Each structure stands twice: as structure tokens, then as C-alpha cells.
Amino acid sequence: MWTNQRPRAGTGHKVCDSRPAGCILSAVGGVFAVNLLPNYLWPWQIAVALLLVTLSLKWHYPFRKLGQRLLVLGPFLGLLAVGVLWQPDWPLRVVNLCGKAILSLWIMSLLIHLVAVDEFVAGLRRLRVPRIWVELLAFLLRYFTVLSEEWQRMQLARQARTFRRRKRMEFRILTNALGSLFIRAYERAERLHGAMLARGYKTG
Amino acid sequence: MSAFVFAGQMVNFPIAAGTSGHLFGGVLAAVFLGPAGAALALATVLVIQCFLFQDGGVTALGANILNMSLLGTTGGYFIYRFLRSWLAGPRGLILASAAGGWFSVVLAAAACSVELALSGTVRLDMILPVMVVTHAVIGVAEAFITAGVLAFVLKVRPDLLCERHPYLPAQSAGVGFAFGLAIMAAGLLLPFASSWPDGLEWVAGKLGFLPQQTAFWLAPFAEYRIPEVRPAWLAVSLAWILGTILVFGITWGLARWLRRSDSDSHVD
């Protein structure tokens, strides 16, 4: 899972430090470019892959991460590829589908490897993404870890009370726990919003 | 407005966990925040997924937002509102939200398969039944979770459930009613829809207007190609880019227009 720590701590490259907006733009542009390649020009994907290998080596991108992401992607891609098999020119389509999906994933993964969280948000601001939405994103990123830790704490506390689940009750336990996480999140949001208003935050 | 949205992003977290497992909790959020807030919240989750977890494509982001956060959430929410006007009391609320949750999943799946077929990747009569049937099963889990969480919140903090949202004034309830009815009908009929195009084609062939009808609803750029431009790959790419810009422009203009017409009834 992705954390609030800077993902590139220790690797020491500063490519995107001062220009996160440019990095985001070029990554999105790269993904679009890869996907815009017509199917019969598939050999160009190899060129893109070689470029990505070079960049990844240069910026110490951990290839294990790419493998993990591909494992998640695999089943969906497989399902779609099976659907494509009924088309007349299926080998070309399957090659393109898989190639483009993997390359896009790689580009995005590289972007997140290079750009820290706060810089990502700053970059979006720079790109004039609507303010309310950037704030929404920033808060979601900030509190994602907080709430997932809260969820783990709740589970731990329940186990500490020597809680044993019965098969029949399993579902009710899950929804009740989710519901109480929900309520805690809501109350935290209200507290936070009050605190922000008290410190001069302007709405809208 | 912003208290509303800030509460929204907090509501996100249970959803964020769920979206990866293809349970998206849009109706759950909509019951708390109204459809507008829930759509915004879900869109944020989708963006984070595609940028930070890379669990979704950037080029498919628009389609995902349309399917899950707009169609799924608003569709499911209108089903919920519609059923809610029939079923009173806490039990009605839970039942209606369960139905809304189920429909939101199935609707998004159906929309996704239609989009895939329109893009020419797979055939509609193949993908639609698969997607709808699998998501009808997934939707049952979604329905149960939505209902379970709502039942708990209703017991502990019933004040959090606001039944009247500033973004859904009373006049639009009639529209919502009609919309919900239409979606419900569509949702129920979708599994059978796969046999229709054949019938239509048969009729068209019988009447002899099969060649003309393709020209009628094809986009300005046939086969995503601008005919005058050479080489061919450039033509395809240009058509793609123009189409993207066009759709973006339409959406942007629509959003601006809706915002302007909304501003006089704005509740802060």
C-alpha cells in the first residue's frame, strides 16, 4: 500500500523535485501516445519499452513493484484478451492490448516513483485543476493511512477481547465494523472542518 | 458546500478499500451526501486508483468515472429515492438502499460493456451477458454491505442520514422518479437485450435499408480516421485526439452551464 512517506526516500534522484506538473503532464501524454499508436505499428511499443527500461535504470525504479502491479493487472487483462479472441485479427489485437496495458502501467508507476505525494498535489494545483477537487484529493491521500490504521486498530482490539467469530455472524460483524469506521470518519471530518474554519479557511 | 465535500472525502475510505474489489459503495455515499457529492467522492477515489495504485487506466479514466461515479451512483441513487417514496421507515430505507446498490453495480457493468463494444474491442452480444451476469452476483454482495452498514449507522447515528439534500430540490423528484423507472426497466431488460440487434438487422435487411443505416449513426470520422490526412496512422491519431478534445469540451461546457443555472439556488 502506498504511504505518506516520500516514496523515493534514499534513492536520491531529484528529477521531478521542482517540476512535478511537467512530470505529470509528460506521463499522461506518454500514456495517451502509447495508446494512440495504431495496432499495425506495434513494433514501436518495443522502442517505448526500451526507453522505459533506460529511464527506470537511471532513476532506480524497483522492478519488483512493476511485477506486483502486473500481478494485479493480469486477471483483468486475461479476461479482456479472451474476449478479443473472437475477432478476426486477434493475434495483433492481443499483442496490442497487452503491450499497451503494460506500458501504460509502467509509465504511471514510474511517475509515482519519481513524484512525492505533496509534489503530486502541488503539480495538480499548478495545472489549474479545480481547487475543491485538489483539496479533496489531498485530504483523501492524507487520511487514507490514518483510517486504514484505525481499521487495523479496531480489528486488533476486537481480537484482544478474545473475540471469536461464528460463521453465521461473520457478515453482520463486517458490516458493523465498516459502519463504525464510517461514523468515526464522518466525525473526524466534522472536527477537522471546524478546526479549519476556526483557523481562517475560506469555503467555496 | 464544503462541509459537505469534506465529509464526503471521509466517507471515501471505506469506499476506497472497496473499489479495488469492484464493490464501490456509491449508493452508500449517495445516501449520506446526495448524488453530487457521492459522484465527486467516487471520482476522486478512481483518480487515486489510476495514478497512485495503478489499478486503473488513465485513458479509461473518463469511462470509469462515467460508469461508476456518474451512472452507477446517480442511477442507484434514483432507484433508492424511488423505492424510498414507497417504502417508509427504517426497514424501507435499508431495502431501498440494497436495491440501489445492486442496480448501481449492474448498471456500471452494462455501461462498461457497451463502451467496450462501441470501441470495437469485443462484441456486444458476447461481453454484455458475461459482464451483467457476473456483476449481478457481485452486486448482491454490494447490496448486502450497503444495507448492513446503513442498518448499523441508522441504529447508532441516525442523524447522519439526511433525507433532504440541497442538491436535489423537491421539483426534481418527479424527474428522478421517471429516471429511476427508466433505469430499472433498462436494468431488468438488459440481459435480454443481446438478442435485439439481430432482430433489428433482420427487419432492416427485410426492408432493404441495411446499407444506409450505418451511415446514419456513425461518428463524423468513420473508423476513427480523417480521410484527407496522410499517412494513415496520423489520421487515426488525429481523429482520436480531436474526438477526445471534443468530448472534453462538451463536458466542460455542460458543467459550466449546469453550474451557472445552479448558482441561484445554491445553499452554502
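In this text the structure is predicted, and so the values were computed from the model without any measurement.

J.: Requested: an account of the overall build of chain A, with residues and values cited.
T.: Summing up its helical and strand segments, chain A has 7 helices and 0 strands in all. What you see in chain A, going N to C, is helices and strands ordered as α-α-α-α-α-α-α. Residue burial in chain A is summarised as follows: out of 204 residues, 24% are buried. Expressed as a percentage of contacts within chain A between residues at least 6 apart in sequence, the contacts between residues at least 24 apart total 77%.

J.: Any chance you could break down the overall build of chain B for me, citing the residues and the numbers?
T.: Along chain B, the regular secondary structure elements total 9 helices and 0 strands. The order of α-helices and β-strands along chain B, N terminus first, is α-α-α-α-α-α-α-α-α. Expressed as a percentage of the 268 residues in chain B, the buried residues total 40%. Taking the contacts inside chain B whose residues are at least 6 apart along the sequence as the reference set, 67% of them involve residues at least 24 apart.

J.: So what about the packing of helix α3 (residues 61–84) of chain B against helix α4 (residues 89–118) of chain B? Which residues, and what values?
T.: All names here are of chain B. One can describe the packing of α3 onto α4 by two numbers: an axis separation of 7 Å at closest approach and a directional angle of 150°. With respect to each other, α3 and α4 are oriented roughly antiparallel. As α3 runs across α4, the sense of the crossing is right-handed. In terms of residue class, the contact of α3 with α4 is made up of 17 nonpolar, 10 polar and 2 charged.

J.: Now, about unusual backbone geometry: what can you tell me, with residues and values included?
T.: Its identity as a non-glycine residue notwithstanding, R128(A) has a phi of 60°, on the positive side. Along the chain, R128(A) turns up in the loop between α5 (117–126) and α6 (131–160).

J.: Describe the environment of A38(B), with residues and values.
T.: Residue and element names in this part refer to chain B. Along the chain, A38 turns up in helix α2 (residues 26–53). For the pair A38 and V27, spaced 11 residues apart in sequence, the C-alpha to C-alpha distance is 7.7 Å. Residues within four places of A38 in sequence aside, it is in contact with G26, A29, A30, L33 and T73.

J.: Hey, could you go over the confidence of the model for chain B for me, with residue numbers and the actual values?
T.: Residues and elements named next belong to chain B. This prediction gives chain B a mean pLDDT of 66; 52% of its residues lie at or above 70. With pLDDT under 50 throughout, residues 1–6 is counted as low confidence; its partners more than four residues away or in other chains account for 16 contacts. Segment residues 264–268: pLDDT under 50, and 5 contacts once partners within four positions in sequence are set aside and those in other chains are kept. For this predicted complex, the interface score ipTM comes out at 0.74, alongside a pTM of 0.69.

J.: How would you sum up the nonpolar core? Please name residues and give values.
T.: In this structure, I107(A), L111(A), A29(B), L42(B), V106(B), A109(B) and L150(B) are the most contacted members of the largest nonpolar core, which totals 85 residues. Here this core takes 20 residues from α2(B), the largest share from any one element. When residues of this core are sorted by domain, at least three fall in each of domain 1 (20–123) and domain 2 (130–198) of chain A. Those residues in contact with L111(A), other than ones at most four positions away along the chain, are C23(A), I24(A) and A27(A).

What counts, and at which threshold
Think of each chain on its own: its residues are numbered from 1, step by step along the sequence as written. As they are written, the chains are lettered A onward and the ligands numbered 1 onward, keeping that order. Totals for whole chains, interfaces and linings use all residues, but because this is a predicted model, local features are given only for residues with pLDDT of at least 70 and pairs of side-chain atoms are given and counted only at 80 or more. Runs of E in the DSSP output that reach at least two residues are strands. Runs of H or I that reach at least four are helices, and both are numbered from the N terminus. Around each residue's C-beta, the other C-beta atoms within 10 Å are counted; 20 or more make the residue buried, 12 or fewer make it exposed, and counts in between make it partly exposed. All C-beta atoms are placed from the backbone. The contact criterion used is a C-beta to C-beta distance within 7 Å, with each C-beta placed from the backbone. Axes here mean lines fitted to C-alpha atoms, for a helix over just the part in contact, with angles spanning 0 to 180 degrees between N-to-C directions. Convention used here: angles under 35 degrees read as roughly parallel, angles over 145 as roughly antiparallel, angles from 65 to 115 as roughly perpendicular, and any remaining angle as oblique. Definitions for this section: a left-handed crossing has its near helix turned counterclockwise from the far helix by less than a right angle. A right-handed crossing has that turn clockwise. Side-chain classes follow a simple rule in which Ala, Val, Leu, Ile, Met, Phe, Trp, Tyr, Cys and Pro form the nonpolar group, Asp, Glu, Lys and Arg form the charged group, and the remainder, Gly included, forms the polar group. Values of pLDDT, the confidence the predictor places in each residue, fall between 0 and 100. Linking buried Ala, Val, Leu, Ile, Met, Phe, Trp, Tyr and Cys residues through C-beta atoms within 7 Å yields a set, and such a set is a nonpolar core. Throughout the structure description, domain borders are defined by an automatic or database domain assignment.

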